[in-house]
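Here's the letter readout for the chains.
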Amino acid sequence: MTAGDAAAAVEAANARAVERMLAADPVLADVAVAGEAIAGLEGRTVLHAGPPIGWPDMCGPMRGAVAGAIVLEGWADDLESAGALAAAGGVAFHPNHRFDAVGPMTGLTTPSMPVMVVENRAFGNRAFCTLNEGLGKVMRFGGNDAEVLARLRWLADGFGPAFGAALREAGGIALKPLIARGLSMGDEMHQRNVACTSLLLRAIAPALARVVDDRAALARLFEFIGGNDQFFLNVAMAMGKAIMDPVRGIAGSSVVTAMSRNGTMFGIRVSGLGDRWFTAPVEMPRGLYFPGFSEADANPDMGDSTIVETVGLGGFAMAAAPAVAGFVGAGTAADALDYTRAMEEIAVARNPEWTIPALDFAGVPTGIDIRKVVASGQAPTINTGIAHREAGIGQVGAGVVRAPMACFEQALQAFAAEMGVA
């Protein structure tokens, strides 16, 4: 194949990839028990964020979360014995992405946990994400004490069943129009989800009131959602996964289908290269820290939440959320516009359904092209939370990080070989 023929084939394949992204119809349909909803998630299996990793290479917060999850599942009686069990190979570790799932930060998913189910009704696939635990000390940031586990048990026994029943009663909630409104109200769906959380609560409240008879229990449900500005993040993540999975496996497409990190390595997948991971050491976020913390306390970046950037949200849509620029230390509102404009250079298209008022209603940059990333030297921008490097402490700040260029360079070399081009 000549270079010209290859280029034409790639453009056609990328057009198909973006067409599938734009044709997606993601609907938040249910909350289910992970071990019942996710095929193959059984036994002592722990799903985690990022590309594959084993216990010896896990960072502090990932190990802390794993120990807590093992105790939660009843596979060990305490954190010390849970860590020993993991170190001895007593649990199987797999990436969430292998099981059509995603999870924020440490991203842990185990069989008893409740997961939100997003159906892509245009293509018939489903994606899963755990419920957002709220703020403060939480498992996604490595928390694992009694308070963390008690909240997770309530999510499994109280919140999850009620929320799932309400979603079924309502027939699901369409997510693309909700995202469109959120963008116009100042969200970018990674570090700012205030508007979309509020819109989701407004949409589900009548159904929750119909399925929950206990007024105190209902009030607690409302308070939990309303008191957590980041509740919608996990919904957006499951939506992103549901949108991108049908884009996998398009021969000749150089569009990125997943970006993810586990606190040690950053990994990407590319449509035309199937489910292969291309990895490089993850980078440290640049951002703002909570009082009493600094870069010396921070863990390198982690989480599956970069799936939202993969669909054109998060750092790609920062122009819609100028308030985020200050929160993550990215500069001014003008800088937020510049971040989105820079991401246009590495995208295949814009999404006409998700527009940004501050850019004269231009669509968010959509479809990351590994060729454009390498040619421009412009790596994807990611908005992210920052975890403490030690287990059990939790979030210490928020910031911006770049995907490692080495991932894209490796992927492009493999892609060229796949296309038969030097």
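Residues numbered from 1 in each chain as written. Predicted model: local features only at pLDDT ≥ 70, side-chain atom pairs only at ≥ 80, totals over all residues. Heavy atoms only, no water.

Quick word on the overall build of the protein
- Within the protein one finds 14 helices and 16 strands.
- Taken over the C-alpha trace, the protein has a radius of gyration of 20 Å; the compact-globule value for 422 residues is 22 Å, and the two agree within 12%.
- Within the protein, the proportion of its 422 residues that are buried is 60%.
- Sequence-distant contacts, at least 24 apart, represent 72% of the contacts inside the protein between residues at least 6 apart.
- Taken as two groups, the 31 positive and 43 negative side-chain charges of the protein have centres that lie 3 Å from each other. (Helix = DSSP H or I, 4+ residues; strand = E, 2+ residues; numbered from the N terminus. Rg over C-alpha atoms; globule rule 2.2 N^0.38 Å. Buried < 20%, exposed > 50% of the residue type's maximum accessible area, 1.4 Å probe, protein only. Contact = heavy atoms within 4.5 Å. Lys, Arg positive; Asp, Glu negative; His and termini not counted. Charge placed at Lys NZ, Arg CZ, Asp CG, Glu CD.)

A few points about the sheet that holds strand β10 (residues 278–281)
- Spatially, the four strands line up as an open sheet ordered β10-β9-β8-β12, and their pairing is antiparallel. Pairing within the sheet leaves two strands with one partner each, and these edge strands are β10 and β12 (302–303).
- Against the sheet, helix α14 (residues 405–419) contacts β8 (256–262), β9 (265–270) and β10, and its axis sits at roughly 155° relative to β10. (Pairing = 2+ DSSP bridges. Axes fitted to C-alpha atoms, helices over the stretch in contact; angles between N-to-C directions.)

Focus on the pairing of strand β3 (residues 92–95)
- Residue alternation in β3 divides its side chains into a buried set, Phe93 and Pro95, and an unburied set, Ala92 and His94.
- Sheet analysis places strand β2 (residues 45–48) next to β3, joined by four bridges and oriented parallel. The residue of β3 that forms the bridge with Val46 is Phe93.

As for the domain arrangement of the protein
- One can read the domain layout of the protein as domain 1 (25–238) and domain 2 (247–418).
- At the interface, 41 residues of domain 1 touch 51 residues of domain 2.
- Both faces considered, domain 1 and domain 2 share a buried interface measuring about 3300 Å² in area, 65% of it formed by carbon and sulfur atoms.
- Our count for the contact surface shared by domain 1 and domain 2 stands at two salt bridges.
- We note a salt bridge from Lys176 to Glu353, for which the minimum N-O separation is 2.8 Å.
- Between domain 1 and domain 2 we count 14 residue pairs in polar contact (both at pLDDT 80 or more) in total. (Domains from an automatic or database assignment. Buried area = accessible area lost by both parts, 1.4 Å probe. Salt bridge = Lys/Arg side-chain N within 4 Å of Asp/Glu carboxyl O. Polar contact = N/O pair within 3.5 Å; in protein donor to acceptor, adjacent residues only side chain to side chain.)

A look at helix α5 (residues 146–170)
- An ideal rise of 1.5 Å per residue puts 36 Å on 25 residues; α5 measures up with 34 Å between its terminal C-alpha atoms.
- A bend of about 45° at Leu155 is the largest found in α5.
- The backbone nitrogen of Glu147 has a side-chain oxygen 3.2 Å away, supplied by the residue at the start of α5, namely Asp145.
- Gly171, located one to two residues past α5, shows a positive phi value of around 75°. (Expected span 1.5 Å × (residues − 1). Bend = angle between axes of the 7 residues up to and from the residue.)

Comments concerning the sheet that holds strand β1 (residues 26–33)
- One open sheet holds the five strands; their spatial order is β4-β6-β5-β1-β7, and the pairing between them is mixed. Edge positions in the sheet fall to β4 (101–102) and β7 (173–174), since each has one partner strand and no second.
- Relative to strand β6 (residues 125–130), strand β5 (residues 114–120) runs antiparallel, the two sharing six bridges. Bridging from a neighbouring strand, Met116 pairs with Cys129 of β6.

With respect to the packing of aromatic side chains
- A complete count under the given rule lists seven aromatic pairs for this structure.
- Ring geometry for Phe159 against Phe163: centres 5.2 Å apart, planes inclined by 20°, an arrangement best described as stacked. Of the two residues, Phe159 and Phe163 both sit in helix α5, four residues apart, roughly one turn of that helix. The residues Phe159 and Phe163 share a single accessibility class, namely buried.
- One aromatic cluster in this structure is built from Trp154, Phe159, Phe163, Phe224 and Phe231. (Phe/Tyr/Trp six-rings, centres within 6.5 Å; stacked < 30°, edge-to-face > 60°.)

Regarding the nonpolar core
- Judged by nonpolar contacts, the single largest core of 95 residues is most densely connected at Phe159, Phe163 and Phe232.
- Here the element with the most residues in this core is helix α9 (residues 231–244); it accounts for eleven residues.
- For Phe163, the contacting residues outside a window of four places in its chain are Leu28, Val31, Leu200, Ile204, Leu208, Ile225 and Phe231.
- In this structure, Met259, Leu273, Ala403 and Phe408 belong to the second largest nonpolar core, which totals 27 residues. (Core = buried A, V, L, I, M, F, W, Y, C linked by side-chain atoms within 4.5 Å.)

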